[in-house]
Amino acid sequence: SRTMAASAGITVAEADKIVARLRAIHPGVVAWHKRVDAQLRKNRTITNAFGYRIIYFKRPGECLTNALAWIGQGTVACAINRAMVNINEEIVKNPDLGTEFLMQQHDSLVGQTLTQHWDRVRPMLREQFLKVAIPYPEPLVIPPDLKVSTTHWGVMEKCSW
């Protein structure tokens, strides 16, 4: 509540009310927090959907916030890395497409392609992202967003696929 209050410019008491309301609306989130906390107390090890794990060495009570964040962040990192491998194999390695990666930043990939190949490359990019399913009991595919620029990556604008 303190973090939310500071970020939102509200009092801690107001943030407490919001948190209580969210917990009532989404009891599954509360149950998930309890499961993660129990796992930390059991062996200090947390695993994401892809099976990667992290071991926390602080006291279990001090790790819950970081562990909860790592599960989501680690899962998204695995998904974006798999998409990057797909794109590299299917697009970047094809010299006829004139496409290359420039960087990966958190949950984004930045690359460039020759303008004359864009209409061919664009649907291929989307296809490579959609091949990645997060292995939950009901697999999750995160649809990608697309931003483009004809000048440089600092002025990209949202674009439809």
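The text that follows walks through the structure, step by step, so that each part is easy to find.

## Observations regarding the overall build of the protein chain
Argument step 1. Helix and strand counts for the protein chain stand at 5 helices and 6 strands.
Argument step 2. For the protein chain, the α and β elements follow one another from N to C terminus as α-α-α-β-β-α-β-β-α-β-β.
Argument step 3. Across its three principal directions, the C-alpha atoms of the protein chain cover 55 × 35 × 30 Å.
Argument step 4. A burial count over the protein chain gives 24% of its 161 residues as buried.
Argument step 5. Partitioning the contacts of the protein chain with sequence separation of at least 6, the portion at a separation of at least 24 is 38%.
Argument step 6. A total of about 11200 Å² of accessible surface is found on the protein chain, and carbon and sulfur atoms cover 54% of it.
Argument step 7. With 20 positive and 14 negative side-chain charges, the protein chain shows a separation of 12 Å between the mean positions of the two kinds.

## Points about a nonpolar patch on the surface
Argument step 1. Together, V76, Y136, L140 and I142 make up a nonpolar patch on the protein surface, roughly 310 Å² of accessible area in all.
Argument step 2. Given a relative accessible area of 41%, I142 falls into the partly exposed group.

## Thoughts on unusual backbone geometry
Argument step 1. Phi is positive for R44, close to 60°, though the residue is something other than glycine.
Argument step 2. When you line up the elements, R44 lands in the loop between α3 (27-43) and β1 (45-47).
Argument step 3. Using a relative accessible area of 33% as the deciding quantity, one classes R44 as partly exposed.
Argument step 4. With phi around 55°, H106 is a residue other than glycine that occupies positive phi space.
Argument step 5. With respect to the helices, strands and loops of the structure, H106 is situated in the loop between β3 (99-105) and β4 (108-113).

## Some thoughts on the environment of I87
Argument step 1. Along the chain, the position of I87 falls in helix α4 (residues 64-92).
Argument step 2. Judged by relative accessible area, which is 3%, I87 ranks as buried.
Argument step 3. In this structure, the C-alpha to C-alpha distance between I87 and F101, residues 14 residues apart in sequence, is 9.2 Å.
Argument step 4. Dropping the residues within four chain positions of it, I87 is found in contact with V92, F101, L109, L125, Q128 and F129.

## Overview of the nonpolar core
Argument step 1. Among the nonpolar cores identified, the biggest contains 13 residues, and F50, A79, I87, I91, V121, L125 and F129 are the most heavily contacted of them.
Argument step 2. Elements represented by at least two residues in this core include exactly α4 and α5 (118-130).
Argument step 3. By residue number, the principal contributor to this core is α4, which donates 6 residues.
Argument step 4. Dropping the residues within four chain positions of it, V121 is found in contact with I91, L97, T99 and T113.
Argument step 5. Among the nonpolar cores identified, the runner-up in size contains 9 residues, and V36, A67, L68 and I71 belong to it.

## Brief notes about the side chain of T99
Argument step 1. On the secondary structure map, T99 appears in strand β3.
Argument step 2. According to the relative accessible area criterion, T99 is buried, its value standing at 13%.
Argument step 3. Polar contacts involving the side chain of T99 include one to the main-chain carbonyl oxygen of L97, which spans 3.1 Å.
Argument step 4. Among the polar contacts listed, one links the side chain of T99 to the side chain of T113, at a separation of 2.6 Å.
Argument step 5. Not counting the four nearest positions on each side in its chain, T99 is found in contact with I91, V92, Q112, T113 and V121.

Analysis parameters
- Residues numbered from 1 in each chain as written.
- Predicted model: local features only at pLDDT ≥ 70, side-chain atom pairs only at ≥ 80, totals over all residues.
- Heavy atoms only, no water.
- Helix = DSSP H or I, 4+ residues; strand = E, 2+ residues; numbered from the N terminus.
- Buried < 20%, exposed > 50% of the residue type's maximum accessible area, 1.4 Å probe, protein only.
- Contact = heavy atoms within 4.5 Å.
- Areas by Shrake-Rupley, 256 points an atom, 1.4 Å probe, with all protein chains shown as cover.
- Lys, Arg positive; Asp, Glu negative; His and termini not counted.
- Charge placed at Lys NZ, Arg CZ, Asp CG, Glu CD.
- Patch = residues over 30% accessible without salt bridge, like charges linked within 9 Å, V, L, I, M, F, W, Y side chains within 5 Å.
- Salt bridge = Lys/Arg side-chain N within 4 Å of Asp/Glu carboxyl O.
- Core = buried A, V, L, I, M, F, W, Y, C linked by side-chain atoms within 4.5 Å.
- Polar contact = N/O pair within 3.5 Å; in protein donor to acceptor, adjacent residues only side chain to side chain.

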